[in-house]
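# Observations on the three-dimensional arrangement
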Amino acid sequence: MNEKFLKPYNSAETEDSISKKWEESGYFNPDNLPERHKESFSIVLPPPNVTGVLHMGSALMLAIEDIMVRHNRMKGKKTLWIPGTDHAAIATQAKVEKEIQKKEGKSRHDLGREELIRRVDAFAKESRDTIVSQIKKMGASVDWSREAFTLDEKRNLAVRTAFKRMYDDGLIYRGYRVVNWDPKGQTTISDDEIVYEPRRSKLYTFKYSKDIPITISTTRPETKLGDTAIAVHPDDPRYQEYIGKEYDAVFAGEPIHLKVIADQVVEKEFGTGALGVTPVHSAVDWEIAQRHGLPLKQVIDEYAKVMTGMETVKGKKTAEARDAVVAWLKEEGLLEKEEEIDQNVATAERTGGIIEPLPKLQWFIGVNKEFEKDGKSATLKGLMKKAVESKSISILPDRFEKIYFNWIGNLLDWCISRQIWYGHRVPVWYRNEEIHCGVEAPSGEGWIQDEDTLDTWFSSGLWTFSTLGWPEQTEDLKNYHPTSVLETGTDILFFWVARMILMSSYLLGEVPFRTVYLHGLVRDSQGKKISKSLGNNIDPLDLIAKYGADAVRMSLIVGVGPGSDSKVGEDKVKAYKNFANKLWNITRFILTSTENSSYDPSFAEWSEADAEIMKSRDLLISEITKEMDEYKFYLVAEKIYHYSWHEFADKIIEESKAVLSGTDVKVRESRVQVLLHTHRLILKVLHPFMPFVTEEIWGEMDSGNLLLVESWPQI
RNA sequence: GCGCGAUUAGCUCAGUGGUAGAGCGUCGUCUUGACGUGACGAAGGCCGUAGGCUCAAUCCCUACAUCGCGCACCA
């Protein structure tokens, strides 16, 4: 017996050497797997953002995916798990810009486009290295030879190709309209990147001037300098006589001209039932303005400052300008009411900036635009809906299918252009009146490429196939797409999962994956959300150093079903560290008490008691094998734990002490074999969950294969 | 406002139309040769509330409450 079994299990000493063995074996790469591995099983790792380090959520993700991957590899599947990182455009650029500003006092404009990108790239590279080492620490059996980055050369080709195809089909278009402008990030963002924050704010009810008979309500008086109409409901008796009339006034120093119009969207019950229409600073008002041909008048700029009006207003930030306008309204005796209301303020997900609706010329993906697909008319929205409706994709837990459909139903065109520098540049070039969209730059002089870059989710949307070599028709693409499972957090169902379905359905004519497994949020032991600002951040690497990766994995898995949030505290992790040690001691007992025998796979002379033991053991294994295929890892982990400790160790091994010191040679040998057989089976079924300790023990029990590629028990 | 989920032991969660389960924690006993990171044992639950279906409900149905989530509204 190896001396190390005389001491308690030491995860820190074991894990690195086991990692090395796995890497040297090359088995993480399916091309190197033994002959029996035929049918494929593939997963893409949701690429972590290069903005930072891994957190508990990443650890959970890696644990679940590695369980699926190891299980399927043992089942004899040709298993591919592709790792990578995400350039996370806005988030990464914002982070690096902030650092440069802090350390050097320079803005991105001081550095220029090229230099900034160079800096961000350097940061991304460093961050990528950290992430890679963290993924390895968790024991994730990803194929590093196929690692990808959402912003590398190959993925850039995929992005340009996808853009061009959609452009040619008329699905990508350039349009001028009110978009979500983030003054903090200095870029537009999509509807999905908005986070609504509930706040108390004031609703002001007032008249534009003494001469205008209609009273309106707003939470944003400072935008009213840009009003060009008052809208009322067509059936509202209070305002019938005014419809069609026009008024002039000077509002907070700004001359305005208002036309009273009737529109169905106005709610009679809200406020005064009359709505001041600000065409370019509200998406709803923009629509109204379009229907009625109203003039457009911008009064707020990209820095959220008011561009016009009297001295106390002009050049001021919106909040300050609002107070000034209200003060003016009071002075003029125009303010009728001021009340507190609950409001949801739109903020940018990445920067926290308050969204300012602004009119902009941007690139969009038209989700309702009809195009020819296999000779039939289709829309992107329709494709996204059909993929799930037809059960080509199933989502776990299935209640998220409803949430998905709900989202699709409300979906508007996707704004994909961003005014930042870090990202895939829009593959469109301009020369005078000419426009060229292409995979490559046009030849000839004088072409200027579009300054904008693409929403990071555009490139992420291609991930299941861009990582496999698309647009080239590679072997990998043929072998591994559609991927088997997509495992990710519930929070990016729309951002990512839906966009992948869109891109794959449109570009490849097939779903990107068969099953979506969604995990919830990892919270601290009090149930609070883990965040740096709350100071309750848990670093998975600290836990691994203290308790071992196996213990961390188990603690994240047990009792946590798909879609539900979990709570993790050190106590739980510690419990599974103890379990790893228990397995260690079980092994020591077996090694010492079976010294004179060896494992005999074809042994058949079982004693009556041992036949009983095998019967209930095999029942358990067939049960958990079924549950593994149903993604019930949270149950399986607990069952194996329970069987190993409270059945195998506490009952079977305890009872064996007497049997093994008995005189009946046949009964003794039967018991030795049942211990050896059961021990091996436990190691096998536990391996996907606790890969390190099981591999280490396996190495001691068996000089042959790595447990990594042993076959899952066939019962 | 619409929709979804949760509510079971001190805590975290399984579970089934017929006497309630696990882990952790708590308490007690044990220096037994695999392991004190342990063993054995114990305490602890009107299974959110109120109705209904049923011979029988923690489980099915209805309403309500509380917590959480998604969407919409946000003039």
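Rules used throughout
- Residues numbered from 1 in each chain as written.
- Chains lettered and ligands numbered in written order.
- Predicted model: local features only at pLDDT ≥ 70, side-chain atom pairs only at ≥ 80, totals over all residues.
- Heavy atoms only, no water.
- Pairing = 2+ DSSP bridges.
- Helix = DSSP H or I, 4+ residues; strand = E, 2+ residues; numbered from the N terminus.
- Axes fitted to C-alpha atoms, helices over the stretch in contact; angles between N-to-C directions.
- Contact = heavy atoms within 4.5 Å.
- Patch = residues over 30% accessible without salt bridge, like charges linked within 9 Å, V, L, I, M, F, W, Y side chains within 5 Å.
- Areas by Shrake-Rupley, 256 points an atom, 1.4 Å probe, with all protein chains shown as cover.
- Salt bridge = Lys/Arg side-chain N within 4 Å of Asp/Glu carboxyl O.
- Buried < 20%, exposed > 50% of the residue type's maximum accessible area, 1.4 Å probe, protein only.
- Expected span 1.5 Å × (residues − 1).
- Core = buried A, V, L, I, M, F, W, Y, C linked by side-chain atoms within 4.5 Å.
- Domains from an automatic or database assignment.
- Near = heavy atom within 4 Å.
- Polar contact = N/O pair within 3.5 Å; in protein donor to acceptor, adjacent residues only side chain to side chain.
- Nonpolar A, V, L, I, M, F, W, Y, C, P; charged D, E, K, R; others polar.
- Disulfide = S-S within 2.5 Å.

### A few points about the sheet that holds strand 9 (residues 229-232)
Strand order in the open sheet formed by 4 strands is 10-11-9-12, and the pairing between neighbours is mixed. Edge positions in the sheet fall to strand 10 (246-251) and strand 12 (274-277), since each of these pairs with one other strand and no more. Going across the sheet, the axis of each strand differs from the next one's by a mean of 30 degrees, ignoring polarity. Here strand 10 runs beside strand 11 (residues 254-262); their pairing, made up of 6 bridges, is antiparallel. When the sheet's bridge partners are listed, Tyr247 is paired in strand 11 with Leu258. Contacts from helix 7 (residues 283-292) reach strand 11 and strand 12, with the element oriented near 85 degrees to strand 12.

### A short note on a nonpolar patch on the surface
On the surface, Tyr176, Leu296 and Leu361 cluster together to form a nonpolar patch covering roughly 280 Å² of accessible area. Inspection of the secondary structure puts Tyr176 in strand 5 (residues 172-182). Here Tyr176 falls in the partly exposed class, since its relative accessible area comes to 45%.

### Focus on helix 18 (residues 608-629)
Residues separated by three or four positions in an α-helix point in the same direction, a consequence of the helix having 3.6 residues per turn. The end-to-end C-alpha distance of helix 18, which contains 22 residues, comes to 32 Å, matching closely the 32 Å that a straight helix rising 1.5 Å per residue would cover. Every buried residue belonging to helix 18 is among Asp610, Ile613, Met614, Arg617, Asp618, Leu620, Ile621, Ile624, Thr625, Glu627 and Met628, and all of these are buried. Buried-residue contacts for helix 18 involve helix 2 (56-74), helix 19 (633-660) and helix 20 (665-686).

### Looking at the nonpolar core
Formed by 93 residues in total, the largest nonpolar core has its most connected members in Phe633 and Phe689. When residues in this core are grouped by element, the largest group, 12 residues, is from helix 19. Dropping the residues within four chain positions of it, Phe633 is found in contact with Ile64, Ile67, Met68, Tyr517, Ile557, Met628 and Phe689. Counting residues in each nonpolar core, the second largest holds 61 residues, with Ile82, Trp414, Tyr480 and Trp496 among its members.

### Comments concerning the domain arrangement of chain A
Domain assignment breaks chain A into domain 1 (188-358) and domain 2 (565-709). The C-alpha centroid of domain 2 is placed 70 Å from the C-alpha centroid of domain 1.

### Notes on the side chain of Arg499
The residue Arg499 is located in helix 14 (residues 493-507) in this model. On the accessibility criterion, Arg499 (2% relative accessible area) is buried. Not counting residues within four places of it along the chain, the set of residues in contact with Arg499 comprises Ser190, Asp192, Trp407, Trp414, Trp457, Gly461 and Phe494.

### Some points on the pattern of salt bridges
Going through the model one piece at a time under the given rule, you end up with 55 salt bridges. With a shortest N-O distance of 3.0 Å, Asp263 and Arg291 are connected by a salt bridge. Linking Asp263 in the loop between strand 11 and strand 12 with Arg291 in helix 7, this pair joins segments that are 28 residues apart in sequence. With its nearest N and O atoms 3.2 Å apart, the salt bridge here joins Glu654 to Lys657.

### A word on the pairing of strand 20 (residues 428-431)
Looking at chain direction, strand 20 and strand 21 (residues 434-437) are connected through 4 bridges and run antiparallel. In the strand pairing of strand 21, Tyr430 is matched with Ile435. Adjacent in sequence and paired antiparallel, strand 20 and strand 21 are bridged by 2 residues, among which Asn432 carries a positive phi angle near 50 degrees. Two strands pair when backbone bridges link them, and strand 20 and strand 22 (residues 448-449) are joined in this way by 2 bridges, in the antiparallel orientation. Bridging across to strand 22, Tyr430 finds its partner in Ile448.

### Notes on the sheet that holds strand 14 (residues 356-365)
Spatial strand order, 6-5-14-18: 4 strands in an open sheet with antiparallel pairing. The two strands at the open ends of the sheet, each matched to only one other strand, are strand 6 (187-189) and strand 18 (414-415). Pairing of strand 5 with strand 14 involves 10 bridges; the strand directions are antiparallel. When the sheet's bridge partners are listed, Arg177 is paired in strand 14 with Lys360.

### Observations concerning the protein's contact with RNA strand B
Lining the immediate surroundings of RNA strand B are 40 residues, of which Ser217, Thr218, Asn344, Trp645 and Lys657 lie closest. Counting only atoms of RNA strand B within 4 Å of the protein, the fraction found in sugar and phosphate groups is 63%. One of the backbone nitrogen or oxygen atoms of Thr219 is found 3.0 Å away from a sugar or linking oxygen of RNA strand B. Secondary structure elements with two or more residues in the surface near RNA strand B: strand 7 (194-207), strand 8 (215-218), strand 13 (335-348), helix 10 (399-409), helix 17 (570-593) and helix 19. Among the elements that make up the surface near RNA strand B, the one with the highest residue count is helix 19 (11 residues). In the surface near RNA strand B, the residues fall into 17 nonpolar, 13 polar and 10 charged.

### Concerning the state of the cysteines
A full pass over the atoms with the stated rule returns 0 disulfides. No disulfide involves Cys415; its sulfur sits 16 Å from the nearest other cysteine sulfur, which is in Cys437.

### Description of the environment of Ile682
By secondary structure assignment, the location of Ile682 is in helix 20. Separated by 61 residues in the primary sequence, Ile682 and Ile621 have C-alpha atoms spaced 9.1 Å apart. Residues contacting Ile682, with those up to four places away along its chain left out, are Leu583, Tyr643, Ser644 and Phe648.

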